[in-house]
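Residues per chain are reported as follows:
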Amino acid sequence: MSQKANSAPRITLLGGTGYVGRAIARQLVERHAGSGRIVVPTRRLSHGAALRPLPTVELVEADVFDAERLPQLLAGSDAVVNLIAILHGTTSQFARTHVELPRRIAAACQQAKVRRLVHLSSLGVGPGAPSNYLRSKTEGEAVLQAAGLDLTMLRPSVIFGAEDRFLNLFAELQAVAPVVPLAGSGSRYQPVWVEDVARAVLACLDRPETIGQVYECTGPNVYTLGELARLAGGWAGHARPQIPLPEGIGRLQARVMQMLPGPTLMSLDNIDSMKTPNIASGKVPGLVALGIVPTALEAVAPGYLAPGQGRARYDRFRAGRP
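The shown structure was predicted, so the numbers you read here are calculated from the model rather than taken from an experiment.

What follows is about a nonpolar patch on the surface. On the surface, a cluster of nonpolar side chains totalling about 420 Å² of accessible area is made up of Leu252, Val256, Met259 and Leu260. Taking relative accessible area as the criterion, methionine 259 reaches 63% and is therefore assigned exposed.

Okay, here's the thing in structure tokens:
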């Protein structure tokens, strides 16, 4: 990592209030033993409440989409980590988040004279990607690669951890539903632990030889979506039968879900993304090249999905129990 002489590192985490960002922030604090600064911009300071106890984290209320404010946020940084992404949205929302924002980040880095950038992309990017999510991620990568920065890109599979909205969602659904109608049940994933992704980010910041490289972040095993749903339900203590849905019915289900109030659980674009296996291509290095032994799903997920653990510890409050 580029670092000024006789000074502790200053790292700006864009998207640092999410659960991946929180894991990175914790590891950075531990790594630098309370020295340096970790700057986390957020639109609302309340979003960063979980980061407040960390001694060297500085929460800054700001809109990172503000092209004038962004260079000010990055000024003085030794490195920038971009984690900002969306899974659901319109074509224009995907373009704004995954293409226009990286373009603004690159311009702000150049203006603020910050060369080092680590960018979290996604598996499945590439020409002819089937979904708006993957196409916008592909275009965002190209924007950053053309910017002339000291860039490293990480492409994770689906990321699991105690606060994830993937395995936890399947566990929560099976707690209330007698059966699980599942679109894309045969789609393949290679889930990676959030702490391993955080370690990968830190390894990239530590190692100048990672500049210009792309790394795939995956766990050691491949699963179908149906297998993951079954495991999540079983570990949470309420596995339910599955009804695999043909694509046409799955798309109808997703269309209905998109119209429901509240957070989107499944969208048509998600269905399209499932057409590309979310597994390592083997064409670029993986976590092992960064000195990280990938953690197996079975070593972590049962511990936080078990009744009374992880997100499940809030179940009694949702039910109105003390």
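Looking at where glutamate 195 falls in the secondary structure, it is placed in helix α6 (residues 194-206). On the basis of relative accessible area, glutamate 195 is assigned to the buried category, the value being 16%. Apart from the residues lying within four places of it in its own chain, the contact partners of glutamate 195 are Ala23, Arg26 and Gln27.

Attention now goes to the pattern of salt bridges. Per the stated rule, a full pass over the model turns up 12 salt bridges. Residue glutamate 100 pairs with arginine 103 through a salt bridge whose shortest N-O separation is 2.7 Å. Residue glutamate 100 and its partner arginine 103 are located together in helix α3 (residues 91-112), separated by three residues, close to a single helical turn. Given the relative accessible area of 37%, arginine 103 is considered partly exposed.

Before going further, it helps to examine the nonpolar core. If you look at the biggest cluster of nonpolar residues, it comprises 65 residues, and the most contacted ones within it are Val20, Ile24, Leu154 and Leu167. Tallying contributions element by element places α6 first for this core, with nine residues. Once you skip the residues sitting within four places of it in the chain, leucine 154 turns out to touch Val118, His119, Leu120, Ser121, Ser122, Ala200, Val201, Cys204, Tyr215, Cys217 and Leu290. Membership of the second largest hydrophobic core comes to 25 residues, among which are Val64, Ala108, Cys109 and Val114.

This paragraph deals with the state of the cysteines. By definition, a disulfide links the sulfur atoms of two cysteine residues through a covalent bond. On inspection of all chains with the given rule, the structure shows zero disulfides. Left unpaired, cysteine 204 is separated from the closest cysteine sulfur, that of cysteine 217, by 7.4 Å.

Okay, the confidence of the model for the protein next. With 93% of its residues at a pLDDT of 70 or more, the protein has an overall mean of 92. Contacts for the low-pLDDT stretch residues 2-6, under 50 throughout, to residues beyond four places or in other chains number seven contacts.

Ordered by their spatial adjacency, seven strands build an open sheet running β3-β2-β1-β4-β5-β6-β11, and the pairing between neighbours is parallel. The outermost strands of the open sheet, each flanked by one partner alone, are β3 (57-61) and β11 (214-217). Going across the sheet, the axis of each strand differs from the next one's by a mean of 20 degrees, ignoring polarity. Summarising the sheet, strand β2 (residues 37-42) and β3 pair through five bridges and their orientation is parallel. Residue pairing in the sheet places proline 41 in a bridge with valine 60 of β3. Where α6 meets the sheet, it contacts β1 (10-14), β4 (79-82), β5 (116-120), β6 (150-156) and β11, and its direction lies at approximately 160 degrees from that of β5.

What follows is about unusual backbone geometry. The backbone of lysine 113 shows a phi angle near 60 degrees, a positive value even though the residue is not glycine. Relative to the helices and strands, lysine 113 is located in the loop between α3 and β5.

Residues Arg43, Arg44, Arg96 and Arg104 make up a contiguous surface patch of positive charge. Mapped onto the fold, arginine 96 is located in helix α3. Take arginine 96: its relative accessible area is 42%, and that puts it in the partly exposed class.

For the coordinates displayed, the defined rule picks out three aromatic pairs. Between the aromatic rings of phenylalanine 166 and tyrosine 189, the centroid separation amounts to 6.0 Å while the plane-to-plane angle is 50 degrees, which identifies the pairing as tilted. Linking phenylalanine 166 in the loop between β7 (159-160) and α5 (167-176) with tyrosine 189 in strand β9 (residues 188-189), this pair joins segments that are 23 residues apart in sequence. Considered together, phenylalanine 166 and tyrosine 189 belong to a single accessibility category, that of buried residues. The aromatic ring of phenylalanine 65 is capped on one face by arginine 96, whose charged end is 3.8 Å from the ring centroid.

It is worth spelling out α6 at this point. With 13 residues, α6 extends 19 Å between its outermost C-alpha atoms, agreeing within 8% with the 18 Å of an ideal straight helix rising 1.5 Å per residue. Here α6 lies mainly inside the structure; 11 of its 13 residues are buried. If you check which residues of α6 are buried, you get Val194, Glu195, Asp196, Val197, Ala198, Ala200, Val201, Leu202, Ala203, Cys204 and Leu205.

Scoring rules and cut-offs
- Residues numbered from 1 in each chain as written.
- Predicted model: local features only at pLDDT ≥ 70, side-chain atom pairs only at ≥ 80, totals over all residues.
- Heavy atoms only, no water.
- Patch = residues over 30% accessible without salt bridge, like charges linked within 9 Å, V, L, I, M, F, W, Y side chains within 5 Å.
- Areas by Shrake-Rupley, 256 points an atom, 1.4 Å probe, with all protein chains shown as cover.
- Salt bridge = Lys/Arg side-chain N within 4 Å of Asp/Glu carboxyl O.
- Buried < 20%, exposed > 50% of the residue type's maximum accessible area, 1.4 Å probe, protein only.
- Helix = DSSP H or I, 4+ residues; strand = E, 2+ residues; numbered from the N terminus.
- Contact = heavy atoms within 4.5 Å.
- Core = buried A, V, L, I, M, F, W, Y, C linked by side-chain atoms within 4.5 Å.
- Disulfide = S-S within 2.5 Å.
- pLDDT = per-residue confidence, 0-100.
- Pairing = 2+ DSSP bridges.
- Axes fitted to C-alpha atoms, helices over the stretch in contact; angles between N-to-C directions.
- Lys, Arg positive; Asp, Glu negative; His and termini not counted.
- Charge placed at Lys NZ, Arg CZ, Asp CG, Glu CD.
- Phe/Tyr/Trp six-rings, centres within 6.5 Å; stacked < 30°, edge-to-face > 60°.
- Lys NZ or Arg CZ within 6 Å of the ring centre and 35° of its normal.
- Expected span 1.5 Å × (residues − 1).

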